[in-house]
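Structural characterization, general
Spelled out from the first residue to the last, the chains are:
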Amino acid sequence: MSDQNRKTLRSFYCRDYLWELFEVMTRDLGCSMDYLINESMRHYARSRNYSLAAPRAEGQNTPAPAALRPAPAPSAQPQAPSPPLRRAPPPLPGGGAAPAVPAAEPQEAAGARPPLFLLFNGQRYRIDKEKFIIGRGSQQTDLTIRDGNISRKHCAVIYRGGQYFIKDLDSTNGIEFNGKRIEHKRVEEGDTFFLCDYELRFTYR
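Just so it is clear, the structure is predicted and the values come from calculations on it, not from any experiment. (Residues numbered from 1 in each chain as written. Predicted model: local features only at pLDDT ≥ 70, side-chain atom pairs only at ≥ 80, totals over all residues. Heavy atoms only, no water.)

As for the pattern of salt bridges
- If you walk through the whole model with that rule in mind, you get 6 salt bridges.
- Notably, a salt bridge pairs Asp191 with Lys185, separated by 2.7 Å at the nearest N-O pair. (Salt bridge = Lys/Arg side-chain N within 4 Å of Asp/Glu carboxyl O.)

The structure is reproduced here in structure tokens:
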């Protein structure tokens, strides 16, 4: 876990009607009040173009706390040609579209699958199957996260067309990448995704 996921008990004043509204949301969404409040604060900061600066290395003669600063605008990078698509991708907020998971190739050479590794909670997991499932249900998943905010089958890493993709399995709280909720995405070197407060980082090395 990164330092951004460290939690400290705090107290604050809250309008009664807002608290009552959040209590209704916790029942309807099946999540905790802590999770709702943290997500609300995080999304409000991002809507104002603020993000936490990276923590400084130990021993540097610089102020310890990380200050809030405007997030830099993402730079446009050319996309590699996409493989054949099975279906049209759903639209994303803002008018963009996510790349769809391509159809499986009819014949794939044995042993040609590149290695992909998942770094989670200080552990390194090798993904060596066509569908690697992540979720709360221990009997139905390859990686189990025991948290009520995680769906039984939350998401999957799928190998199709010679590439790996991460795909949401109709979970309640979804997958977040670069501050936005996504349905699916091709996994690139160093990609980091969040399932609620849980960080998933992928590497091919």
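After presenting the structure, the write-up continues.
Regarding unusual backbone geometry
- The phi dihedral of Asp170 is positive, around 55 degrees, even though this residue is not glycine.
- With respect to the secondary-structure elements, Asp170 resides in the loop between strand S8 (163-168) and strand S9 (175-177).
- Judged by its relative accessible area of 75%, Asp170 is exposed.
- Unusually for a residue other than glycine, Asn178 sits at a positive phi of about 55 degrees.
- Mapped onto the secondary structure, Asn178 falls in the loop between S9 and strand S10 (180-182).
- Under the relative-accessibility criterion, Asn178 is labelled exposed at 66%. (Helix = DSSP H or I, 4+ residues; strand = E, 2+ residues; numbered from the N terminus. Buried < 20%, exposed > 50% of the residue type's maximum accessible area, 1.4 Å probe, protein only.)

Observations concerning the environment of Asp191
- You can see Asp191 is positioned in the loop between strand S11 (184-186) and strand S12 (192-195).
- The sequence separation of Asp191 and Asn178 amounts to 13 residues, and the corresponding C-alpha distance is 9.4 Å.
- Discounting residues that sit within four places of it in the chain, Asp191 has contacts with Phe177, Lys185, Arg186, Leu200, Arg201 and Phe202. (Contact = heavy atoms within 4.5 Å.)

Here's the deal with the packing of helix H1 (residues 16-29) against helix H2 (residues 33-47)
- At their nearest, the axes of H1 and H2 sit 9 Å apart, and the two run at 110 degrees to each other. Classified by the interaxial angle, the pair formed by H1 and H2 is roughly perpendicular. Taken as a pair, H1 and H2 cross one another with a handedness that is right-handed. Of the residues in H2, those touching H1 at Trp19, Phe22, Glu23, Met25, Thr26 and Leu29 are Met33, Leu36, Ile37 and Ser40.
- Within the contact of H1 with H2, the residues separate by chemical class into 7 nonpolar, 2 polar and 1 charged. (Axes fitted to C-alpha atoms, helices over the stretch in contact; angles between N-to-C directions. Parallel < 35°, antiparallel > 145°, perpendicular 65-115°, else oblique. Left-handed = near helix turned anticlockwise from the far one by under 90°. Nonpolar A, V, L, I, M, F, W, Y, C, P; charged D, E, K, R; others polar.)

Quick word on the pairing of strand S7 (residues 155-160)
- Of all 6 residues in S7, 6 are buried; the element is thus mostly enclosed.
- Here S7 shows no split at all, with Cys155, Val157 and Tyr159 on one side and Ala156, Ile158 and Arg160 on the other all buried.
- Bridge count for strand S5 (residues 131-135) against S7 is 4 bridges, and the pairing is antiparallel. Counted as the bridge partner of Ile133 is Ala156 from S7.
- The turn joining S7 and S8, which pair antiparallel and follow one another in sequence, is formed by 2 residues; a positive phi near 60 degrees is taken by Gly161. (Pairing = 2+ DSSP bridges.)

Things to note about the side chain of His154
- Its location among the elements puts His154 in the loop between strand S6 (143-144) and S7.
- Judged by relative accessible area, His154 falls into the buried class, the value being 0%.
- At 3.3 Å, the side chain of His154 forms a polar contact with the side chain of Ser171.
- There is a polar contact of 2.9 Å between the side chain of His154 and the backbone oxygen of Gly174.
- With residues up to four places along the chain from it excluded, the contact list for His154 reads Ile134, Gly135, Asn149, Asp168, Leu169, Ser171, Asn173, Gly174 and Leu195. (Polar contact = N/O pair within 3.5 Å; in protein donor to acceptor, adjacent residues only side chain to side chain.)

Notes on the nonpolar core
- Formed by 30 residues in total, the largest nonpolar core has its most connected members in Leu118, Ile127, Ile134, Leu195 and Phe202.
- Where this core is concerned, the elements lending two or more residues are H2, strand S3 (116-120), S5, S7, S8, S9, S12 and strand S13 (198-203).
- Here this core takes 4 residues from H2, the largest share from any one element.
- Look past the residues within four positions of Leu195 in its chain and what remains in contact with it is Ile134, Ile145, Ile150, His154, Cys155, Gly174, Ile175 and Leu200. (Core = buried A, V, L, I, M, F, W, Y, C linked by side-chain atoms within 4.5 Å.)

Here we look at the packing of aromatic side chains
- Taken as a whole, this structure holds 5 aromatic pairs when the rule is applied.
- Look at Tyr164 and Tyr204: their rings are 6.2 Å apart centre to centre, the planes differ by 50 degrees, and that puts the pair in the tilted class. In this pair, Tyr164 is assigned in strand S8 and Tyr204 in the segment after S13, connecting sequence segments 40 residues apart.
- Look at Tyr204 and you get partly exposed, because its relative accessible area is 27%.
- Three or more aromatic residues link up through ring pairs in this structure, and these residues are Tyr159, Tyr164 and Tyr204.
- The ring of Phe117 has Arg124 lying over it, and the distance from NZ or CZ to the ring centre is 4.0 Å. (Phe/Tyr/Trp six-rings, centres within 6.5 Å; stacked < 30°, edge-to-face > 60°. Lys NZ or Arg CZ within 6 Å of the ring centre and 35° of its normal.)

As far as function goes, none of this settles anything; it's purely spatial.
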